[in-house]
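Overview (structure and organization)
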Amino acid sequence: MLELRTLEADDWPLWRELRLAALAEAPYAFGSTLAQWQGSGDREERWRARLSIPGAHDLIALLDGRPVGMASGVPGEGAGTVELISLWVDPSARGKGVGDHLIQSVERWAAERGAATLRLSVKPDNRRATALYERHGFTDTGEPGDLLPGGVGRERVMAKRLTTAV
């Protein structure tokens, strides 16, 4: 059974577990590195702060009670924009609809708060993630994303128009 759970700052140990697993398993997919979140970067107040971004919506996915995925929606630069960030699904749960449910939940949340656009950034060579986003109606904006490590190339920026909740 798949269950999505919204997290609060006190849930930081669970977020920490998933985030560290994500950074270890898919370092190519994130702007942060495992090294940045370990050692001196691995502090309770930092994890709490990550789950306390004003206006954010942080989710984890549980498959048969086991944490297997995460995603966040955070306010974007414009009033009508939300960013989908930190999406990751454990390899053992891929292909089981976990990513679909996480995206759909962030979309619903964004529409309920009146956002007109849901945006995200993805590494250009992350074909699995790009295919998932395209299945959900995201398209390339043509805008330059953040520089990739090493300063060669940029992230791909994708967006989707939302139908706001009434």
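Predicted model, so just to flag it, every value in this text is computed and none were measured. (Residues numbered from 1 in each chain as written. Predicted model: local features only at pLDDT ≥ 70, side-chain atom pairs only at ≥ 80, totals over all residues. Heavy atoms only, no water.)

1. Here we look at the nonpolar core
- Within the largest apolar cluster, 26 residues are counted, with the highest numbers of intra-cluster contacts made by Leu84, Leu102 and Tyr133.
- Secondary-structure elements contributing two or more residues to this core are strand E2 (57-63), strand E3 (66-75), strand E4 (81-89), helix H4 (98-112), strand E5 (117-122) and helix H5 (127-135).
- Looking at this core element by element, the count peaks at six residues for H4.
- Aside from chain neighbours lying at most four places away, what touches Leu84 is Ala71, Ser72, Ile103, Val106, Leu118, Arg119, Leu120 and Tyr133. (Core = buried A, V, L, I, M, F, W, Y, C linked by side-chain atoms within 4.5 Å. Buried < 20%, exposed > 50% of the residue type's maximum accessible area, 1.4 Å probe, protein only. Helix = DSSP H or I, 4+ residues; strand = E, 2+ residues; numbered from the N terminus. Contact = heavy atoms within 4.5 Å.)

2. Concerning the layout of surface pockets
- If you add up the space inside the largest pocket, you get close to 1,100 Å³.
- Ala29, Leu87, Ser121, Ala129 and Tyr133 are the residues nearest the centre of the largest pocket, which is lined by 41 residues in total.
- Within the residue set of the lining of the largest pocket, elements represented by two or more residues are E4, H4, E5, H5, strand E6 (139-147) and strand E7 (154-161).
- Here the lining of the largest pocket gets seven residues from one element, more than from any other, and that element is E4.
- Taken together, the residues of the lining of the largest pocket break down into 21 nonpolar, nine polar and eleven charged. (1 Å grid on protein atoms, 1.4 Å probe; cavity = no way out; pocket = protein on both sides within 12 Å on 5 of 7 lines; lining within 4 Å. Points joined across faces, edges and corners; volume = space filled by probe spheres on them. Nonpolar A, V, L, I, M, F, W, Y, C, P; charged D, E, K, R; others polar.)

Treat this as a map of the structure, not an account of what it does.
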